[in-house]
Amino acid sequence: MRLDTGGSIDRTRTLRCTFDGEPLTGHPGDTLASALLAHDRTEVARSTYRHRPRGILTADLTEPNALVTADGDPFAQATEVALHDGLEAHSIPGVARLTTPNSPNYHRKHAHADVLIIGAGPTGLAAALAASRSRARVLLVEHGLHLGGERDLDWITTALSDLTEHARFQGPDRGRFPVSERGSDRGGVRILVGATAVGRYAGGYVLIAQGERMWHVRAGQVVLATGAHERPLVFAGNDRPGVMLASAVSTYLRRFGVVAGREAVVATTCDSAHETAAELVAAGCRVRAIVDSRDDPPAADVPVIGGARVVETAGRCVESVRLSDGTEIGCDLLAVGGGWSPVLHLHDGDRRWDDGIAAFRPVDGLVAGAANGTFDLPGCIAEGLEAGARAAGTSPPPTPDLPPEPIRPPRPVWLTPGDDTEQFVDFQRDATVADIRRAVRAGLRSVEHIKRYTTIGVGSDQGKTSWVNATAIIAEELGTTPGEVGTPTFRPPYVPVPFAMMAGRERGDLHDPIRTTPMHSWHVAHDAVFEDVGQWRRARYYPRDGEDMAAAVHRECLAARTGVAMQDVSTLGRIEVVGPDAPEFLNRVYTGGFARLPVGKGRYEIMCTTDGMVFDDGVALRLADDRYLLSTTTGGAEKVLDWLEQWLQTEWTDLEVCCTSVTEQWAAVAVTGPDSGRVVARLAPELGELGFLEFRDVVLHNGIPARIARISFSGELAHEINVPSWYGLALWEDVGVTPYGTEAMHVLRAEKGYVIVGQDTDGTVTPLDLGMPVSQRKDFLGKRSLSRADTARADRPQLVGLLTEDPDELLPEGAGLAGGLGRVTSSYRSPILGRSIALALVRSGRDRLGERLVVPLGDREVPVRVHAPVFYDPEGARRDGPG
């Protein structure tokens, strides 16, 4: 029932929407729950498993019953759905299908704060006021859209005015909040409204959900002013529509001007519900009685029954209640107050049971107000001022002189006589006292085990209204105390959030960071087709007019084999290894020797895991006696650096070695082909002769410093020119020959039998399987494993080449050989050979050279001949160029 006056909603406008297809009206500021109650809609949903009628229990994010589908969003809490024109809402008949569309607008924002205050009631407001008096950067977060709570107090009004005069507000609708900046003489205050802290992690890392934005906040200090949740009472029929928390009844009266019933009974174990009874009377509701579990309840203007409790309700929706003395009282609203539980879901410290408040309270940390078990307003403000000042490292302002609010101790009621299958502890999971007793009889003692057995607290409400009741009931059944039972682990998120919101916009092109080389703009301008390799976007091929991929790759390969071509190889991982023990370190991690490698030369080597399997490969250059530059595969740089650091930090801590990623500091161009020497001579006339795997630091003809190395991944004469990354585009344009992409590079290396780690290997391949020698004079990671019976057996899969009898037949990569003999790892058309070629891992492959095998493809078999893995220039004469 809506009152003619009262509340903070805008009564000048009417909003029209539907609920279960029926018209519903309300006003700006209403929630779906307040609008339903204003229309006397008591029953709004069905329970998840037993399909019992359920009504609205709370007025906030703790709501376990009134779950609805709102504008297609399932499992929304009616208490959290803001009313708007055209809203279409439906009750959930028990279980609903999750079909929420992922919003394209989900995004993330990062923020840093010296002091983060969670909760902007009187306590949080006081904490922010105290912290803002320093130079600290203060972030105040409030789930609702209002600051300071609902108490009418001059101090709160003054504090709000002082705090927000220069604060910066940010809400779900930016246009509704003033935006300004605090002056430079103070650290600054940012206030997030409509924002909920959903997770707290180590190092002051907090996730805050606000609208379609997820804030990632790093805070120096975190102050919890999260308040307390009122608990329901446990008795038979306590889930019927019309049973509401007393605090919720008050909220609907104060904020929305809505009376939840016409004839009410208030059942309580503490003082707070007495205020609700007085507010109901003032609103014109007939309060039949206040049922207080304490023997000496405070007096009131309505009948007060002390030392009693409600044991049962009757009706589909509440029509009457029965008391412990047998009295029955008719009503259509039962407002219950079972005490208050400090909100500790974000508290990362210890907690203990306090009989004085009949709840758990924190032992440590910056926790203030009701979250700390302090329920009088002067005490909350004083604790907030103290916590805010402590967090900011300043002195608290004077505590306001407020009249004391003595709080009488509660008398908790955990169990009542009656049918325990009808006494609900967790409304959302339909879990009852009978379920807890069944778990205890089954021998369960741990609160975590009972949680999983009964499913109490695993619903979307995370047991906000149920867990203290459940803990106390478990304690009574076990004959111990709630403190001995303890609470289960509270896991984030504090409120449900979509996975898409967790990801932000990291979908599609934004799923992973896209890394590009300094030459990327040139590739784009020349219509390159790209592929993603790791996080890098690499040019796959450069089609000219009328060319498809096959034609472009054919042309690029022939340019590299018969003339000169260039490739952007800036994406290769580069790691500098520096220190007096660098030679010994590399001796241990690579299969070959590095201690005797001369300065100015490089070596191709393989890195193995401890089980002897190929991990990565690349060329290492020795820059100085104590300095090496390692190259890795494009996608393997990060894992290689992690691997090196793991051994240095956990196993070989005596080695003086430092590893640094320098991938981003270099741009590199591979100049490939028999005419590459002429191009390099033009670029670096002072270079002179370089032997294979030699390098030299030079200055190019245009003044650019460079490091040039004779490295070839094609088998042709080739030079790799490395320059500081900001010169990369200039170098590329200066080279100015035919570009080739990764697809041509794959063909060129396959013609020479060069493997690609991750394509021709899969974590089960050793260097010996690839036909690569390993050092016999030194130890290295994985060497011992190469002598195991399995890795030394003769019939292991070995790298070989395959030639189809039909030269135009292209084998699909991954195809298996008949009889389980092996699989194809690489397959291409070779322009220089004029036919298809393939690399494969074949059991005892090197003993099968020349043998005819079969590759089944669908309903046919393709005959192949086993060939050496090198198809082109097996003597290696072309590596050193013409002549």
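Because the structure is predicted, anything quoted here is derived from the model rather than measured.

Quick look at empty space enclosed by the protein now. The final tally for this structure, using the stated rule, is seven cavities of 30 Å³ or more. For the largest cavity, the calculated volume is near 180 Å³. As for the largest cavity, its lining consists of 19 residues, of which Ser 341, Pro 342, His 345, Val 468 and Phe 490 are closest to the centre. Of all the elements in the fold, those that place two or more residues in the lining of the largest cavity are strand E24 (340–342), strand E26 (359–362) and helix H9 (467–478). With three residues, H9 is the single largest residue contributor to the lining of the largest cavity. In terms of residue class, the lining of the largest cavity is built from eight nonpolar, eight polar and three charged.

Grouped together as the largest cluster of nonpolar side chains are 67 residues, with contacts concentrated most on Leu 32, Tyr 252, Leu 280, Val 321 and Leu 334. If near-sequence neighbours (up to four positions away) are discounted, Val 321 is found in contact with Val 265, Val 310, Glu 312, Thr 313, Thr 327, Glu 328, Ile 329, Cys 331 and Leu 334. By size, the runner-up hydrophobic cluster in this structure holds 35 residues, among which are Ala 120, Ala 131, Trp 155 and Ala 368.

Glancing now at the environment of Tyr 754. Locating Tyr 754 in the fold gives a position in the loop between helix H18 (742–751) and helix H19 (789–792). Look at Tyr 754 and you get partly exposed, because its relative accessible area is 27%. In sequence terms Tyr 754 and Gln 665 are 89 residues apart; their C-alpha atoms lie 27 Å from each other.

Let us now look at the confidence of the model for the protein chain. Of the residues in the protein chain, 96% have a pLDDT of 70 or more, and the chain-wide mean is 91. Contacts for the low-pLDDT stretch residues 173–186, under 50 throughout, to residues beyond four places or in other chains number 28 contacts.

Now for the sheet that holds strand E20 (residues 310–314). The strand order across the open sheet built from three strands is E20-E21-E22, with neighbouring strands paired in antiparallel fashion. Pairing within the sheet leaves two strands with one partner each, and these edge strands are E20 and strand E22 (328–330). Sheet twist, expressed as the mean angle between neighbouring strand axes with direction ignored, is 25°. Inspection of the sheet shows strand E21 (residues 320–323) paired to E22 by three bridges, in the antiparallel sense. Of the residues in E22, the one forming a bridge with Val 321 is Ile 329.

Since the α-helix packs 3.6 residues into each turn, any two residues three or four apart lie on the same face. Buried within helix H3 (residues 154–164) we find Trp 155, Ile 156, Ala 159 and Leu 163. Here the buried residues of H3 occupy an arc of 95° about the axis, which is enough to place them on one side. The exposed residues of H3 that point more than 90 degrees off its buried face are Asp 154, Thr 157 and Thr 158. Looking at the buried positions of H3, the neighbouring elements they touch are helix H2 (122–131), strand E9 (138–142), strand E11 (189–193) and helix H6 (377–392).

On to the packing of H2 against H6, then. Between H2 and H6, whose axes approach to 7 Å, the crossing angle comes to 35°. Viewed along their axes, H2 and H6 form a crossing whose handedness is right-handed. Only Leu 377, Cys 380, Ile 381, Gly 384, Leu 385, Gly 388, Ala 389 and Ala 392 of H6 make contact with H2, whose side of the interface consists of Pro 122, Thr 123, Ala 126, Ala 127, Ala 130 and Ala 131. In the contact of H2 with H6, the residues fall into eleven nonpolar, three polar and no charged.

This part takes up the pairing of E11. Judged by how many residues are buried, E11 sits mostly within the fold: five of five residues are covered. Residues Val 189, Ile 191 and Val 193 line one face of E11 and the alternating positions Arg 190 and Leu 192 line the opposite face, and both faces are buried. Bridging between E9 and E11 involves five bridges; their strand directions are parallel. If you follow Glu 142 over to E11, its bridge partner there is Val 193. Pairing between strand E10 (residues 168–170) and E11: three bridges, direction parallel. In the sheet register, Phe 169 faces E11, and the bridge partner there is Ile 191.

Moving on: the packing of aromatic side chains. Under the definition given, this model contains 14 aromatic pairs. With a centroid separation of 5.7 Å and an interplanar angle of 35°, the aromatic rings of Tyr 252 and Phe 256 are classed as tilted. Taken together, the residues Tyr 252 and Phe 256, both in helix H4 (residues 246–256) and four residues apart, mark about one turn of the helix. You'll find Tyr 252 and Phe 256 in the same group, each marked buried.

What counts, and at which threshold
Residues numbered from 1 in each chain as written. Predicted model: local features only at pLDDT ≥ 70, side-chain atom pairs only at ≥ 80, totals over all residues. Heavy atoms only, no water. 1 Å grid on protein atoms, 1.4 Å probe; cavity = no way out; pocket = protein on both sides within 12 Å on 5 of 7 lines; lining within 4 Å. Points joined across faces, edges and corners; volume = space filled by probe spheres on them. Helix = DSSP H or I, 4+ residues; strand = E, 2+ residues; numbered from the N terminus. Nonpolar A, V, L, I, M, F, W, Y, C, P; charged D, E, K, R; others polar. Core = buried A, V, L, I, M, F, W, Y, C linked by side-chain atoms within 4.5 Å. Buried < 20%, exposed > 50% of the residue type's maximum accessible area, 1.4 Å probe, protein only. Contact = heavy atoms within 4.5 Å. pLDDT = per-residue confidence, 0-100. Pairing = 2+ DSSP bridges. Axes fitted to C-alpha atoms, helices over the stretch in contact; angles between N-to-C directions. Arc of directions from axis to C-beta. Left-handed = near helix turned anticlockwise from the far one by under 90°. Phe/Tyr/Trp six-rings, centres within 6.5 Å; stacked < 30°, edge-to-face > 60°.

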